[in-house]
Amino acid sequence: FDEASVQKFLTPEALPILKTAVEVFAKTNWELEAIHQAIQEICAVHDVKMGKVGPPIRVAVTGNTQSPGLDQTLH
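Summary of the structure given here. Keep in mind the model is a prediction, meaning the values are calculated, not measured.

**Some thoughts on the side chain of Thr28**
On the secondary structure map, Thr28 appears in the loop between helix H2 (15-26) and helix H3 (32-46). In this structure Thr28 comes out as buried when scored by relative accessible area, which is 12%. Not counting residues up to four positions away in its chain, the partners in contact with Thr28 are Ala34, Ile35 and Ala38.

Below you can see the structure in the form of structure tokens.
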């Protein structure tokens, strides 16, 4: 994990988003469109835009902030 990315994005404020992500992804069929919809659902649950949801998930999954699109990365 990139320590700077962890410090910036895996914060106590991100924990509810990550918990929701675990719940939503657990019921996802892992097709690209379903993953995209799941990400949108997480945004809606927390009433935030992708900029608040994507980076914590990306860092949790890849250890960094750089990767292809989040839905593609998760797929």
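**Some points on the packing of H2 against helix H4 (residues 50-62)**
Viewed as axis vectors pointing N to C, H2 and H4 meet at an angle of 75°, and their least axial separation amounts to 10 Å. With respect to H4, the axis of H2 lies roughly perpendicular. Two secondary-structure elements touch here, H2 through Ile17, Leu18, Ala21 and Phe25 and H4 through Lys52, Val53, Pro56, Ile57 and Ala60. Here the residues of the contact of H2 with H4 sort into eight nonpolar, no polar and one charged.

**Brief notes about the packing of aromatic side chains**
In the structure shown here, the tally under the stated rule is one aromatic pair. The interplanar angle of 35° and the centroid separation of 5.5 Å between the aromatic rings of Phe25 and Trp30 together place this pair among those described as tilted. Given a relative accessible area of 10%, Phe25 falls into the buried group. The exposure class assigned to Trp30 is partly exposed, which follows from its relative accessible area of 37%.

How each quantity is defined
- Residues numbered from 1 in each chain as written.
- Predicted model: local features only at pLDDT ≥ 70, side-chain atom pairs only at ≥ 80, totals over all residues.
- Heavy atoms only, no water.
- Helix = DSSP H or I, 4+ residues; strand = E, 2+ residues; numbered from the N terminus.
- Buried < 20%, exposed > 50% of the residue type's maximum accessible area, 1.4 Å probe, protein only.
- Contact = heavy atoms within 4.5 Å.
- Axes fitted to C-alpha atoms, helices over the stretch in contact; angles between N-to-C directions.
- Parallel < 35°, antiparallel > 145°, perpendicular 65-115°, else oblique.
- Nonpolar A, V, L, I, M, F, W, Y, C, P; charged D, E, K, R; others polar.
- Phe/Tyr/Trp six-rings, centres within 6.5 Å; stacked < 30°, edge-to-face > 60°.

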